[in-house]
Amino acid sequence: MDEKVKKRIDKYMAMYPKSLSHDNPTKNPNTAKVLEQFFKTDDMICLPKDGVIKIEESVGGRDDVVLPSRVLEHFIRKASHRVVMNFCICRESNECRDYPRELGCIFLGEAASRVHPDLGRQASVEEALDHAARCREAGLVHCVGNSKLDNVWLEVWPERRLMSICNCCPCCCITRTIPYSAPFVGAKFSRMPGVSVHVTDDCGGCGLCADECIFQAITMEDGRPVINDECRGCGRCAEACPDGAIEIRVDDSAYVDKTIERIGKILDVT
């Protein structure tokens, strides 16, 4: 590996708040200081996992639900350049034990063409789509949009010509730091338009959903989970619930199109 690139990786891996990884999610006083340097212009949207979305009856009770991953497919096909990273810098820096470290981010757009080849490889449309599918199969959650942090550590510009597709695990990735960071950092990550999360009467009160939530958006009150505004609608809780009692609902069948429109206003991947 190029020595300059290695030093750059070592620098940003050393900055990552390791006290938030795995079994020790304690608040690190340096976390906000590190992240405040980068999260100034970001807009990242968390995509629910495919297969957990339920269309509300108010929009027709449709069975042909458009999957959240169609957002990725749209931009991957549209992008002038696609780069698949050789590793995930978050999982690598924390020596992740539970999720594949080799399943890194996907970067799209003109700036992606400048990513050093020691960090990632140029990919075809099909190769990028296959990588995204492998990430979902591994249990990772997609967060997509603009992240200045990626421009900085990759040293690629312009800022608005790089789209990040982060594939996040619940133990090591940058989303894990949100509950322990400055409030404005969390505000840069949002749920898809029209997505809401509900607890049904089938809930047995086991509390597993609260344990699974990386955003600390679920608390147990009187033996029942309560979901607060910190929820990003990623769907981990619904997938983990043994009673099938948590539903990820969509009140607008155009939620995928609206997400694509929102991202398209801040980023140009052509």
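Residues numbered from 1 in each chain as written. Predicted model: local features only at pLDDT ≥ 70, side-chain atom pairs only at ≥ 80, totals over all residues. Heavy atoms only, no water.

On a plain count of helices and strands, the protein chain comes out with 10 helices and 12 strands. Counting over 270 residues, the protein chain shows a buried share of 53%. Considering only residue pairs separated by 6 or more positions, the protein chain has 78% of its internal contacts joining residues 24 or more positions apart. (Helix = DSSP H or I, 4+ residues; strand = E, 2+ residues; numbered from the N terminus. Buried < 20%, exposed > 50% of the residue type's maximum accessible area, 1.4 Å probe, protein only. Contact = heavy atoms within 4.5 Å.)

Now for helix H3 (residues 70-78). Of all the residues in H3, the buried ones are Val 71, Leu 72, Phe 75 and Ile 76. Summarising the axial view, the buried residues of H3 lie within an arc of 125°, below the 170-degree limit, and thus occupy one face. (Arc of directions from axis to C-beta.)

Attention now moves to the pattern of salt bridges. By the definition in use, this model includes 16 salt bridges. The salt bridge involving Arg 136 is made with Asp 50; its shortest N-O contact spans 3.7 Å. Within this pair, whereas Arg 136 is found in helix H5 (residues 125-137), its partner Asp 50 is found in the loop between strand E1 (43-46) and strand E2 (53-55), the two being separated by 86 residues in sequence. Residue Arg 136 is classed as partly exposed on the basis of its relative accessible area, which comes to 28%. Two residues, Arg 232 and Glu 230, come together in a salt bridge whose shortest N-O distance is 3.6 Å. (Salt bridge = Lys/Arg side-chain N within 4 Å of Asp/Glu carboxyl O.)

For the protein chain, mean pLDDT is 86; residues scoring 70 or higher make up 85% of the total. When the criterion is pLDDT under 50, residues 58-62 qualifies, and its contacts beyond four places in sequence or with other chains add up to 8 contacts. (pLDDT = per-residue confidence, 0-100.)

Attention now moves to the sheet that holds strand E6 (residues 141-146). An order of E5-E3-E4-E7-E6-E1-E8 is seen for the 7 strands of this open sheet, with the pairing classed as mixed. With one partner strand each, in any of the chains shown, strand E5 (120-122) and strand E8 (189-191) form the two edges of the open sheet. Strand-to-strand twist across the sheet, computed as the mean angle between neighbouring axes with direction ignored, equals 25°. When strand E3 (residues 82-85) meets strand E4 (residues 106-108), the two strands line up antiparallel, connected through 3 bridges. Bridging from a neighbouring strand, Val 84 pairs with Ile 106 of E4. (Pairing = 2+ DSSP bridges. Axes fitted to C-alpha atoms, helices over the stretch in contact; angles between N-to-C directions.)

Inspection of the secondary structure puts Thr 200 in the loop between strand E9 (195-199) and helix H8 (208-212). Owing to a relative accessible area of 14%, Thr 200 belongs among the buried residues under this scheme. In contact with Thr 200, other than residues within four places in its own chain, are Arg 224, Gly 244, Ala 245, Glu 247 and Arg 249.

A separate point is the environment of Glu 95. For Glu 95, the position within the fold is in the loop between helix H4 (89-93) and E4. Overall, Glu 95 belongs to the exposed group, its relative accessible area being 54%. C-alpha separation for the pair Glu 95 and Cys 172, spaced 77 residues apart in sequence, amounts to 8.5 Å.

Two numbers describe how H3 lies on H5: the axes approach to 9 Å, and their chain directions differ by 155°. By the criterion of interaxial angle, the relationship of H3 to H5 is roughly antiparallel. Note that H3 runs across H5; the crossing there is right-handed. Here Leu 72, Glu 73, Ile 76 and Arg 77 of H3 lie close against H5, whose contacting residues are Val 125, Glu 126, Ala 128, Leu 129, Ala 132 and Arg 136. (Parallel < 35°, antiparallel > 145°, perpendicular 65-115°, else oblique. Left-handed = near helix turned anticlockwise from the far one by under 90°.)

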